[in-house]
Amino acid sequence: MLQVSKTFGPTPLSSVIHMTPTPAQRPTTKQATRPVARTRARRVPASPDELRAIYEQCTRFMNGTGKRSATSLLASIPDDTVMDLYGEGGVVAELEHEIATLLGKEAALFMITGTMAQQATLRIHADRRSSRTIVFHPQCHLDVREERAYERLHGLVAATCGGYATPLSAELLASVHEPVAALLVELPQRDLGGTLPEWEELIAQTQWARDRGAATHLDGARLWEAAPFYRATAGKSPADISALFDTVYVSFYKGLGAIAGCCVAGDAATIEELKLWRIRHGGRAFGLWPYAASAQSALALRGHRFGDYYERARAIATTLQRLDGVEVLPFPVQSPMMHVRIRGDRDKVMAAMVDVARRDGVWMFGGAYANEGPSLQRFEFNVGEATMAFSLREIRELFQRVVPPSRRR
Ligand SMILES: Cc1ncc(COP(=O)(O)O)c(C=O)c1O
């Protein structure tokens, strides 16, 4: 089985900048101080700084909401925003009410990170049950990107279900033979290219948890991205999806593009208890209003756009899948995100991408990057507002330039 390198990162540039140079390119101290010669090697950026400079000069961005800037994010906070005090009142309360209504839950709580929010939520579910076991997919954010805080801070233990290329399923859950406090389902599953279970399968998974008295928790960091699939395939709304879960976490800064922050929605008692954990986690900041105001603006601006992003993602996937040397996962796509696998040497692919950035001012990739071996590269492609500005033809032509020539038809 292929191993995914740990190069995933949250910012658009981290995917490229955090790549470790191969020994052949790694500059010595002496080399690093020399001006870079105009040789073939010049085409592979020597340092994260150089990459950043190229990125900053780009004028168009193909991934997600595009380049974030302090100017546009500050502009997402209206001048007449009503401030909260320690998370109480003002725009924070307004946003919580909006989310609770949208998801059909009694209450919601704003928190500054999903990391904090989900750990605390699962802790509450476990404290109400006789088990400390939480079940999730091995690519779960809690397991791979939160320093196992669920274990260190909350004494929870994980039972994983699924594999590198295998989503969680009711069939696999049947092999879990221990008392379970909570089942966490991530919709869509980011590290599997945004895969989603069919509606009936989702019902079966959550029913499995209910049958053994376990809570159901939705990691809906990208619930906005999941919604069009369930609307199209089962006529279901975000509230219908949420009804399958006791608690639902949604993020405001990923596909929606706000500054940061999230909400957890659930029954009133759980949300009240979550407030205590927000304090214990150090998340009760004196003012949360800039984040909440930005989230509210982002919801109003882009909340209704995900159906269009999904349709465009389907068309893009079909276009890319036809290119030799390119594979889209999953295919057909189930959300406005996908993994694009490119057959080719890492340095050549990256050099070509940088060439596109230099010549055309187009930054093609954002999000996560994984080197899956010497001749297979995997990029996360999120279709968002910035992507919508590119025609299918342009996207095809740009990708053709990135696939190493020998692999082309
Ligand atoms: C699926 C998923 N869950 C949870 C989180 C945590 O969110 P935050 O960055 O707000 O802590 C992320 C962040 O990328 C995520 O992708």
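Residues numbered from 1 in each chain as written. Predicted model: local features only at pLDDT ≥ 70, side-chain atom pairs only at ≥ 80, totals over all residues.

A.B. asks: Please clarify how the overall build of the protein should be interpreted in this entry.
C.D. replies: Summing up its helical and strand segments, the protein has 17 helices and 13 strands in all. By residue count, 45% of the 409 residues in the protein fall in the buried class. The long-range share in the protein, meaning contacts at least 24 apart out of those at least 6 apart in sequence, stands at 77%. (Helix = DSSP H or I, 4+ residues; strand = E, 2+ residues; numbered from the N terminus. Buried ≥ 20, exposed ≤ 12 C-beta atoms within 10 Å, placed from the backbone. Contact = placed C-beta atoms within 7 Å.)

A.B. asks: When you look at the site of the ligand in this model, what are you seeing that I'm missing?
C.D. replies: Thr 113, Gly 114, Thr 115, His 141 and Ala 221 are the nearest of the 11 residues found near the ligand. In terms of residue class, the shell around the ligand is made up of 3 nonpolar, 5 polar and 3 charged. (Near = placed C-beta within 6 Å. Nonpolar A, V, L, I, M, F, W, Y, C, P; charged D, E, K, R; others polar.)

A.B. asks: Would you mind showing me how to read helix α14 (residues 289–302) here?
C.D. replies: Helix length check: α14, at 14 residues, gives a terminal C-alpha distance of 19 Å against a target of 20 Å (1.5 Å per residue), a fit within 8%. Of all 14 residues in α14, 10 are buried, a share of seventy percent or more. Its buried side turned inward, α14 meets α4 (70–75), α5 (90–103) and β2 (107–111). (Expected span 1.5 Å × (residues − 1).)

A.B. asks: Would you mind going over the environment of Arg 222 with me for this structure?
C.D. replies: Along the chain, Arg 222 falls in the loop between β6 (215–220) and α11 (223–234). Arg 222 sits in the buried class, given 24 other C-beta atoms within 10 Å. In this structure Arg 222 touches Pro 188, Arg 190, Lys 254, Gly 255 and Ser 335, once residues within four positions along its chain are discounted.

A.B. asks: It is not clear to me how the pairing of β2 should be interpreted in this structure. Could you clarify?
C.D. replies: Put simply, side chains in a regular strand alternate between the two faces of the sheet. Among the 5 residues that make up β2, 5 are buried, leaving the element largely enclosed by the rest of the structure. Side chains Ala 107, Leu 109 and Met 111 of β2 all project onto a buried face; the interleaved residues Ala 108 and Phe 110 project onto the opposite face, where all are buried too. Of the strand pairs in this sheet, β2 and strand β8 (residues 262–266) are connected by 5 bridges, and their pairing is antiparallel. The residue of β8 that forms the bridge with Ala 107 is Gly 266. (Pairing = 2+ DSSP bridges.)

A.B. asks: How should I be thinking about the sheet that holds strand β13 (residues 376–382) in this particular structure?
C.D. replies: Hydrogen bonding along the main chain pairs the strands of a sheet, whether they run parallel or antiparallel. Read from one edge of the open sheet, 4 strands run β9-β10-β13-β12, paired in antiparallel fashion. The outermost strands of the open sheet, each flanked by one partner alone, are β9 (326–329) and β12 (369–371). The mean angle between the axes of side-by-side strands here comes to 20°, regardless of whether they run parallel or antiparallel. Bridge count for strand β10 (residues 337–343) against β13 is 7 bridges, and the pairing is antiparallel. Directly across from Met 338, in β13, lies its bridge partner Phe 381. (Axes fitted to C-alpha atoms, helices over the stretch in contact; angles between N-to-C directions.)

A.B. asks: Looking at this structure, I do not really get unusual backbone geometry. What am I missing?
C.D. replies: The general pattern is negative phi for most residues beyond glycine and trans for most peptide bonds. A cis geometry characterises the amide bond from Leu 329 onward to Pro 330, with omega recorded as -10°. Relative to the helices and strands, Pro 330 is located in the loop between β9 and β10. Geometrically, the link from Phe 331 to Pro 332 is a cis peptide bond, its omega value of 0° lying close to zero. Tracing the chain through its elements places Pro 332 in the loop between β9 and β10. Unlike most non-glycine residues, Tyr 86 shows phi in positive territory, near 50°. Looking at where Tyr 86 falls in the secondary structure, it is placed in the loop between α4 and α5. Look at Tyr 86 and you get partly exposed, because 13 C-beta atoms sit within 10 Å.

A.B. asks: Where do I start with the sheet that holds strand β3 (residues 133–136) in this structure?
C.D. replies: Taken in spatial order, the 7 strands of this open sheet run β2-β8-β7-β6-β5-β3-β4, and their pairing is mixed. At either margin of the open sheet sits one strand with a lone partner, and together these are β2 and β4 (157–160). Taken over all neighbouring pairs, the strand axes of this sheet differ in orientation by 20° on average, direction set aside. Sheet topology note: the β3/β4 ladder contains 4 bridges and is parallel. Bridging from a neighbouring strand, Val 135 pairs with Ala 159 of β4. Contacts from α5 reach β2, β7 (247–251) and β8, with the element oriented near 130° to β2. Against the sheet, helix α6 (residues 114–127) touches β2, β3, β5 (182–186), β6, β7 and β8, its axis set at about 175° to β7.

A.B. asks: Looking at this model, I keep getting lost on the packing of α5 against α14. Mind explaining?
C.D. replies: A packed helix pair is summarised by two numbers, namely the angle formed by the two axes and the spacing between the axes. Running from N to C, α5 and α14 cross one another at 40°; their axes reach a closest spacing of 8 Å. In terms of orientation, α5 lies oblique with respect to α14. Here α5 runs over α14; the crossing is left-handed. Residues Gly 90, Val 91, Val 92, Glu 94 and Leu 95 of α5 touch α14, and the partners they reach there are Trp 289, Ala 292, Ala 293, Ala 295 and Gln 296. Grouping the constituent residues of the contact of α5 with α14 by class yields 7 nonpolar, 2 polar and 1 charged. (Parallel < 35°, antiparallel > 145°, perpendicular 65-115°, else oblique. Left-handed = near helix turned anticlockwise from the far one by under 90°.)

A.B. asks: Before we go on, may I ask you to explain the environment of Ser 297 in this structure?
C.D. replies: Relative to the assigned elements, Ser 297 resides in helix α14. Judged by the 22 C-beta atoms lying within 10 Å of it, Ser 297 is buried. C-alpha separation for the pair Ser 297 and Pro 78, spaced 219 residues apart in sequence, amounts to 8.3 Å.

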